[in-house]
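Analysis of the macromolecular model
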Amino acid sequence: MADRPVRAAVIGAGVAGILAVIELRKAGISNVVCYEKGDRIGGTWRDNSYPGIACDVPSHVYSYSFAPNPEFSRMFSPGQEIQEYLERVTDDYGVRPHLRLGDEVKRATFANGVWSLETAAGDVDDYEIVIAATGVLHHPKQPAFDGLDDFRGDVFHSARWNHDVELEGRRVGVIGTGSTAIQITGALVDRVSHYELFQRTPQWVMPMDNRPFSDDQKATFRDRPEQLEELRDFLETTFAENFADAVVDAESEQLAQIEETCRAHLYGQVLDPALRAQLEPDYRAACKRLVVSGDFYQAIQQPNAELVTSSIEHIEPGGIRTDDGRLHELDVIVLATGFEVDRFMRPMEIFGLGGRSLADVWADGPVAYLSVSMPEFPNLFMLNGPNGPVGNFSLIQVAEIQMAYIMKLVSRLQSGASQEIHATERAMREHEELRIEAAKSTVWVTGCNSWYLDDRGIPAAWPWKFSRFREVMAEPDLAAYQS
Ligand code: N01
């Protein structure tokens, strides 16, 4: 019997949204609209253009399995290259005609078997299926520093870099020591007259050897795709075994090795005992999201660089006043202060069966069954949704695994085997209980504060090995679904 025609909406044209369009089309669904509030595709890679931006997951893993890219310049490629790669995939895989750029979805309401999506422009369109690919690190977090508005110089968030602001020869202060600030430090110190890094909490830094691929290597990848595939397999396996599996077992040997590597990195690179003491965390490596950098320690020791460890008291017209009474005079302040990580699809208003509101369901924090489905929100699926594998993972790889799973549910909708499919309340609750219990063995709860932790101090992440993620996501357990 022929599949019934279904219409699908994808919200967001970042790495996951582009993938969703490709996979829906591959399954014969041609009526696909991808809404993107920005004016370009790319998500994170469009929004983040700060100096030094690179992906610290190896590029050949941080790329689509079906679209290998022999041209990546380095093991860890710069952000611009990733954006270009995504633009190319968008063209090559026919995603472009499905895009509605600059079109923000404000509301989604489910009634009579269809989702009605309402955009900021006031358009309303109906779809049987909605894939939310709205990203995780999406809404910049701007702490309310007293006096920030009085600052005479320029100030902007790292994810909203103002490229009109001159940096050469100026005094620049960067607030934060997450992955972003560490990358900025390496790229900016040599360009500015004076550089200050405002650290609230020190970070463990994993060394990174980021040599370029030679022309010969790239030619081999081009001519012998099986070699590139082998490299990808190797990187995936080593990454999962040595890192992803280590962080979910705080007692693991691999984690001890990561800690040893980070400590040796610090002690090998920073010889001044006072500075080293300021840079040495008092919590376990990878408790916070592990920072990876080959140049941070050298950069922060440059004569024009300073690590500021006194707390920020307030900001005034001339700069940042710290609680030791000192005024740090600055021309530019960069807020590398992270993201509101619990937003996901919000602030979109989403109403499921019987007018059930997502805002109410998520009032105490975002929750979903296996990150992809929520009870009473039929035929709405999420990519990189709540409590999935985050952190030092390839979110492209994660999204591919989730999308393959979602497509198995979608095929039931296409065939008519199901009309409305959504996880049961019971399945979601049972999954949550197991997840919260398993999180107790992870390194994320060993005594640090991080964006992984939700308001209750529970890691909002997948707390098991990556192999378990693959196993569970291989085939939907239909008993966990109402359909
Ligand atoms: O943000 P963060 P990020 N006063 O939340 C500090 C991914 N990423 O943009 O640690 C003073 O990690 C805060 O201090 P503390 C990656 O997953 C990937 O750097 O909370 N300081 C912290 O130091 C990463 O984890 C790549 O004490 C304040 C910093 O701001 C995620 O994005 C590259 C403050 C925020 O760090 C987020 O990284 C870059 C305040 N009021 C990012 N509020 C890749 O390579 C916050 N801070 C793939």
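**Considering the overall build of the protein**
Within the protein, the secondary structure is distributed over 13 helices and 23 strands. A compact globule built from 483 residues should have a C-alpha radius of gyration of about 23 Å, and the protein, at 23 Å, falls within 12% of that. Over its C-alpha atoms, taken along the principal directions, the protein stretches across nearly 75 × 50 × 45 Å. With 483 residues in all, the protein has 55% of them scored as buried. Of the roughly 20400 Å² that the protein leaves accessible, carbon and sulfur atoms contribute 47%. Taking the average place of the 45 positive charges on the side chains of the protein and the average place of its 73 negative ones, the gap between the two points comes to 2 Å.

**Side note on the sheet that holds strand 2 (residues 32-36)**
Within the open sheet, the 5 strands sit side by side as 3-2-1-7-21. Their pairing is parallel. At either margin of the open sheet sits one strand with a lone partner, and together these are strand 3 (99-101) and strand 21 (380-382). The sheet shows a mean angle of 20 degrees between the axes of neighbouring strands, direction not considered. The pairing of strand 1 (residues 8-11) with strand 2 spans 4 bridges and is parallel. Following the sheet pairing, alanine 8 is matched in strand 2 by valine 32. Contacting strand 1, strand 2 and strand 7 (129-132), helix 1 (residues 15-26) crosses the sheet at an angle of about 165 degrees to strand 1.

**What to know about the domain arrangement of the protein**
Considered domain by domain, the protein is made up of domain 1 (8-139 + 340-482) and domain 2 (148-209 + 250-335). Here the C-alpha centre of domain 2 lies 31 Å away from the C-alpha centre of domain 1. Counting residues at the interface gives 24 residues for domain 1, matched by 25 residues for domain 2. Between domain 1 and domain 2 the total buried area reaches about 2000 Å² when both faces are included, carbon and sulfur atoms providing 55% of it. Three residues, Tyr50, Pro51 and Asp56, lead the burial of domain 1 against domain 2; their summed loss comes to 30% of the area buried on that side. Inspection of the domain 1/domain 2 interface yields 2 salt bridges. In this structure, arginine 160 engages aspartate 47 in a salt bridge whose closest nitrogen and oxygen atoms are separated by 4.0 Å. Looking at the side of domain 1 that touches domain 2, its residues break down into 10 nonpolar, 12 polar and 2 charged.

**Comments concerning unusual backbone geometry**
With an omega of 15 degrees, the peptide bond running from arginine 346 to proline 347 counts as cis. Along the chain, proline 347 turns up in the loop between strand 19 (339-340) and strand 20 (349-351). Positive phi outside glycine occurs at asparagine 112, with the angle close to 50 degrees. For asparagine 112, the position within the fold is in the loop between strand 4 (105-111) and strand 5 (114-119). Its relative accessible area of 79% is what places asparagine 112 among the exposed residues. The phi dihedral of alanine 286 falls on the positive side, at around 75 degrees, and the residue is not glycine.

**Describing the site of the ligand**
Residues in contact with the ligand amount to 23 residues; listed here are only the nearest, Thr177, Thr180, Thr201, Lys288 and Trp451. Look at the ligand: alone it shows 920 Å² of surface, and the protein chains cover 86% of it. Of the residues forming the shell around the ligand, the biggest block, 3 residues, is contributed by helix 4 (residues 179-188). Of the residues in the shell around the ligand, the class split is 10 nonpolar, 9 polar and 4 charged.

**Topic: the packing of helix 11 (residues 395-415) against helix 13 (residues 466-473)**
Orientation of helix 11 relative to helix 13, taken along the N-to-C sense of each, is 20 degrees, at an axis distance of 9 Å. When the interaxial angle is binned, helix 11 and helix 13 end up roughly parallel. Residues Gln397, Val398, Ile401, Gln402 and Tyr405 of helix 11 form the contact with helix 13, whose own contacting residues are Phe466, Phe469, Arg470, Val472 and Met473. For the contact of helix 11 with helix 13, the per-class residue count stands at 7 nonpolar, 2 polar and 1 charged.

**Some remarks on the nonpolar core**
Within the largest apolar cluster, 146 residues are counted, with the highest numbers of intra-cluster contacts made by Tyr64, Leu117, Ile131 and Met345. Sorting elements by how many residues they give to this core places helix 11 first, with 11 residues. Taken together, domain 1 (8-139 + 340-482) and domain 2 (148-209 + 250-335) each give at least three residues to this core, which thus spans both. Grouped together as the second largest cluster of nonpolar side chains are 11 residues, Phe145, Phe151, Val308 and Ile315 included.

**Some words on the state of the cysteines**
Scanning all chains against the criterion turns up 1 disulfide. Sulfur-sulfur distance for the disulfide between cysteine 287 and cysteine 448 comes to 2.1 Å. Taking the sign of the torsion about the S-S bond as the criterion, the disulfide between cysteine 287 and cysteine 448, at about -95 degrees, is left-handed. Taken together, the residues span a long stretch of sequence, with cysteine 287 in the loop between helix 8 (273-279) and strand 13 (291-292) and cysteine 448 in the loop between helix 12 (425-438) and helix 13 at a distance of 161 residues. Of the two residues, cysteine 287 and cysteine 448, neither departs from the other in class, the shared state being buried.

**Overview of the packing of aromatic side chains**
Scanning all chains against the criterion turns up 19 aromatic pairs. The interplanar angle of 25 degrees and the centroid separation of 5.9 Å between the aromatic rings of phenylalanine 239 and phenylalanine 243 together place this pair among those described as stacked. Here phenylalanine 239 pairs with phenylalanine 243, and both are found in helix 6 (residues 225-247), just 4 residues apart, close to one helical turn. With respect to burial, phenylalanine 239 and phenylalanine 243 carry one shared label: buried. Feature note: the residues Tyr64, Phe66, Phe72, Tyr85 and Tyr93 constitute an aromatic cluster, connected by ring pairs. Cation over ring: lysine 26 sits above phenylalanine 66, and NZ or CZ is 5.0 Å from the ring centre. Its guanidinium or amino end placed over the ring of tryptophan 464, arginine 468 lies 4.0 Å from that ring's centre, counting from NZ or CZ.

The rules behind these values
Residues numbered from 1 in each chain as written. Predicted model: local features only at pLDDT ≥ 70, side-chain atom pairs only at ≥ 80, totals over all residues. Heavy atoms only, no water. Helix = DSSP H or I, 4+ residues; strand = E, 2+ residues; numbered from the N terminus. Rg over C-alpha atoms; globule rule 2.2 N^0.38 Å. Buried < 20%, exposed > 50% of the residue type's maximum accessible area, 1.4 Å probe, protein only. Areas by Shrake-Rupley, 256 points an atom, 1.4 Å probe, with all protein chains shown as cover. Lys, Arg positive; Asp, Glu negative; His and termini not counted. Charge placed at Lys NZ, Arg CZ, Asp CG, Glu CD. Pairing = 2+ DSSP bridges. Axes fitted to C-alpha atoms, helices over the stretch in contact; angles between N-to-C directions. Contact = heavy atoms within 4.5 Å. Domains from an automatic or database assignment. Buried area = accessible area lost by both parts, 1.4 Å probe. Salt bridge = Lys/Arg side-chain N within 4 Å of Asp/Glu carboxyl O. Nonpolar A, V, L, I, M, F, W, Y, C, P; charged D, E, K, R; others polar. Near = heavy atom within 4 Å. Parallel < 35°, antiparallel > 145°, perpendicular 65-115°, else oblique. Core = buried A, V, L, I, M, F, W, Y, C linked by side-chain atoms within 4.5 Å. Disulfide = S-S within 2.5 Å. Phe/Tyr/Trp six-rings, centres within 6.5 Å; stacked < 30°, edge-to-face > 60°. Lys NZ or Arg CZ within 6 Å of the ring centre and 35° of its normal.

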